[in-house]
Amino acid sequence: MSLHLEACVSDPTAGGLENLLSEDRRFPPSAEFVAQANATADLYSWANADRPAFWAEQARDLISWSTPFQEVLDWSQAPVARWFADGRLNAAYNAVDRHVEKGRGDRVALHFEGEGGDTRTITYADLQREVSKAANALTALGVGTGDRVAIYLPLIPEAVFTMLACARIGAPHSVVFGGFSAEALHSRILDAEATLVVTADGGFRRGAPSALKPAVDEALAKGPTSVEHVLVVKRTGQDVEWTEGRDVWWSDVVDPASDQHTPVEVDAEHPLFILYTSGTTGKPKGIFHTTGGYLTQAAYTHLNVFDLKPETDVYWCTADIGWITGHTYVVYGPLVNGATQVIYEGTPDTPHRGRWWEIIAKYGVTILYTAPTAIRTCMKWGEEIPGQFDLSSLRVLGSVGEPINPEAWMWYRRVIGGDKAPIVDTWWQTETGAIMISPLPGVTETKPGSAQVPLPGIAADVVDDDAHPVPNGAGGYLVLTEPWPAMLRGIWGDEERYKDTYWSRFRGLYFAGDGAKKDDDGDIWLLGRVDDVMNVSGHRLSTTEIESALVSHPWVAEAAVVGATDDTTGQAVVAFVILRGDAGVGESSPDEVQLELRNHVAKEIGPIAKPRQVLVVQELPKTRSGKIMRRLLRDVAEHRAVGDATTLADSSVMDLIAQGLSTPS
Ligand code: PRX
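Every value quoted in this text rests on a predicted model; they were computed, and no experiment measured them.

Helix and strand counts for the protein chain come out as 21 helices and 30 strands. Taken against the 2.2 N^0.38 rule, which gives 26 Å for 665 residues, the C-alpha radius of gyration of the protein chain at 24 Å falls within 12% of a compact globule. Projected onto the principal axes, the alpha-carbon positions of the protein chain cover approximately 75 × 65 × 55 Å. Taking all 665 residues of the protein chain together, 54% fall into the buried category. Considering only residue pairs separated by 6 or more positions, the protein chain has 71% of its internal contacts joining residues 24 or more positions apart.

Here we come to the packing of helix α5 (residues 91-104) against helix α6 (residues 124-140). Remark: α5 packs on α6, axes separated minimally by 9 Å, with the N-to-C direction vectors making an angle of 135°. One way to sum up the angle between α5 and α6 is to call them oblique. For the crossing formed where α5 meets α6, the hand is left-handed. On α6, the residues that touch A92, V96, D97, H99, V100 and R104 of α5 are Y124, A125, L127, Q128 and V131.

Near the ligand lie 21 residues; those nearest to it are P403, W427, Q429, T430 and L526. Contributions of two or more residues to the shell around the ligand are made by α12 (324-336), β20 (423-426), β24 (510-518) and β25 (524-529). Here the shell around the ligand takes three residues from β24, the largest share from any one element. Across the shell around the ligand, the residue classes break down as eight nonpolar, eight polar and five charged.

Reading across from one edge, β21-β22-β24-β25 is the order of the four strands in this open sheet, with antiparallel pairing throughout. The sheet is open, and its two borders are formed by β21 (460-463) and β25, each paired with just one other strand. Sheet twist, expressed as the mean angle between neighbouring strand axes with direction ignored, is 45°. Bridge analysis of β24 against β25 gives five bridges, and the strand direction is antiparallel. What sits directly across from G515, in β25, is G528.

Mapped onto this structure's residue numbering, the UniProt feature "binding site: CoA" (unreviewed entry) falls at R205, R206, G207, A208, T325 and S537. Taking the farthest pair of C-alpha atoms as the criterion, the annotated set spanning 333 residues is dispersed, since that pair is 25.5 Å apart. Structurally, R205 is set in strand β9 (residues 202-205). For R205, the contacting residues outside a window of four places in its chain are S210, G346 and T347. Tracing the sequence through the fold places R206 in the loop between β9 and β10 (208-211).

Another aspect to go through is helix α4 (residues 51-62). Helix length check: α4 (twelve residues) gives 17 Å between terminal C-alpha atoms against 16 Å at 1.5 Å per residue, within 8%. Those residues of α4 not exposed but buried are W55, A56, Q58 and A59. Buried residues of α4, viewed axially, fall in a sector of 160°; they line one side. When the buried face of α4 is taken as reference, the exposed residues oriented beyond 90 degrees from it are A53 and D61. In this fold, the buried residues of α4 make contact with α11 (292-305).

Take the sheet that holds strand β11 (residues 229-233) next. Here eight strands make up an open sheet; going across it, the order is β12-β11-β8-β6-β7-β14-β15-β23 and the pairing mixed. Lying at the two open borders of the sheet, with one neighbouring strand each, are β12 (247-249) and β23 (490-491). Seen against the sheet, helix α7 (residues 157-169) touches β6 (149-152), β7 (173-175), β8 (196-200), β11 and β14 (271-277) and runs at an angle of roughly 170° to β6.

The next point concerns the environment of H99. Structurally, H99 can be placed in helix α5. A count of 25 C-beta atoms within 10 Å places H99 in the buried class. The contacts of H99, once residues within four sequence positions are left out, are R104, R107, Y124 and G338.

What counts as what
Residues numbered from 1 in each chain as written. Predicted model: local features only at pLDDT ≥ 70, side-chain atom pairs only at ≥ 80, totals over all residues. Helix = DSSP H or I, 4+ residues; strand = E, 2+ residues; numbered from the N terminus. Rg over C-alpha atoms; globule rule 2.2 N^0.38 Å. Buried ≥ 20, exposed ≤ 12 C-beta atoms within 10 Å, placed from the backbone. Contact = placed C-beta atoms within 7 Å. Axes fitted to C-alpha atoms, helices over the stretch in contact; angles between N-to-C directions. Parallel < 35°, antiparallel > 145°, perpendicular 65-115°, else oblique. Left-handed = near helix turned anticlockwise from the far one by under 90°. Near = placed C-beta within 6 Å. Nonpolar A, V, L, I, M, F, W, Y, C, P; charged D, E, K, R; others polar. Pairing = 2+ DSSP bridges. UniProt positions renumbered as here; feature names shortened; annotations may be inferred. Expected span 1.5 Å × (residues − 1). Arc of directions from axis to C-beta.

Here it is, written out as structure tokens:
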């Protein structure tokens, strides 16, 4: 793994973070907020006194167990943790049935807003019926406890029903983001050996139907898989190809199924889901999470970080269910806590740029959780747009996915939060399962741009190359020093890769892959990835994965990809390619080459991985051992003077690249 800590930490502007350490604005919580807050400062001392006992108490308080646990943490097989291992429970029962049993069946669970303006209101009692029907249908299609189900759906209620139906029968789900390609879907189906794919004819995107089913057909045509059935929701009504015997309509098997179903009791350590994320190699990692610990931390963080009051709040997390944020803070956290939430299918600018703010005004949203890239986009569109809507219901604002620059933080607070709603900048990862570092809104004096403090129950630090904690005012690597309930239990089918990736850099410490700095108060500021992982609009992309996609094109001999700072998306993909002499590029202009290669990456991985720029070069900068020096390419992509190139095998390469790029095409 190559690390770029030096570049990242010595240049605090990297990743769009301006003047971090001179940031001296402070926002203490208001007296009114403090008076009603769920979390108080004594949570920290309570958790510090006995961390496992603290988590056991949360697990008992927030989760219903069919068999109560006696064991709390078993770390004897470190780094694979077992939490509450002798307890048994069901995740869907916790998210749905128990609320109905407690007389809250009439509470709205989901306010669904389709992109075209169609809506559905789903109460907890409705949710219980829908999830039960889907669970019965899945069973009828041959899915048993332990079998894996791939989900490739737009953000429609059936996506939530399906995830919970899987949880109800103990079949781990593997949600694949609807924006990923057939190729990406295929490799995820193979890796998890899924027996069922749940999809839709399509979803609505930017005012038009966008097909999904053809990608499933294409994925399954790539070669034999373990898939027996494809369950298809009719959403857009577009024509679909049909494979008799394999494909079944949702309306034919789920709608008529019985709405009575008994949840399957599973062990606390039974896998709940697999979610693939990019690592530093070309092959995505199947991060897997189990049931009891994950649900405990999902519920605890959702309740305390967002100060949720399930009876009165209307919560909205804008993430898609294809990402971990959608798993923990659309599906499991809010529903386990019995919250009322909004889910929205479409994009923020359809049919107009005020759509999000219109939704907030319409439903009286009180808690909003979104990503810095969305905030920066709205800043660009202008504050008069949100200014046209009544946003006064908002009382807590959350940020996730990438460092939030102080300017965007201040805009979010002033324009969206009316200068009163506390902002929680939440740091976590697919691997951590739930929020790890964040202010508590009724406790912490917030600082624009900093995630600040590990939550009560979480232990994090910033260390130097030798694993020593750095002093305040210094930078280093973010590590997690104690096991936590929602931690990943491994990489699906590859225990060694789990150990190598997260536990080999610093002995006994979980290395997150992020650079960080402690300020003079000891608060943590995240500085971005230090490995070959990029963060584009809060989405993780691997440089290696995009490089492999590029070299799979017949024109490309070699490729190097870097994440360059971008004002809106945080980072943007910039690719440097060497074309093959015999490539057949022929008469294509540089613009045509660029277009062709950008589209090729979109087809291989998905539109989110499309490079912002593809630059054709004659040579790539390499060390004597043949390793590409991406740091130098990042300097070029960000229009900076090129840094120290003395370790290059051929030091004239950078001049050649610079000359090539400055030559008008
Ligand atoms: O680099 C960090 C960044 O996102 C990475 C995790 O990406 P993913 O697994 O896709 O999960 C995203 C949503 C939890 C981290 O390693 N990241 C996430 N949240 C923040 C952040 N960087 C800075 N500040 C954050 N609040």
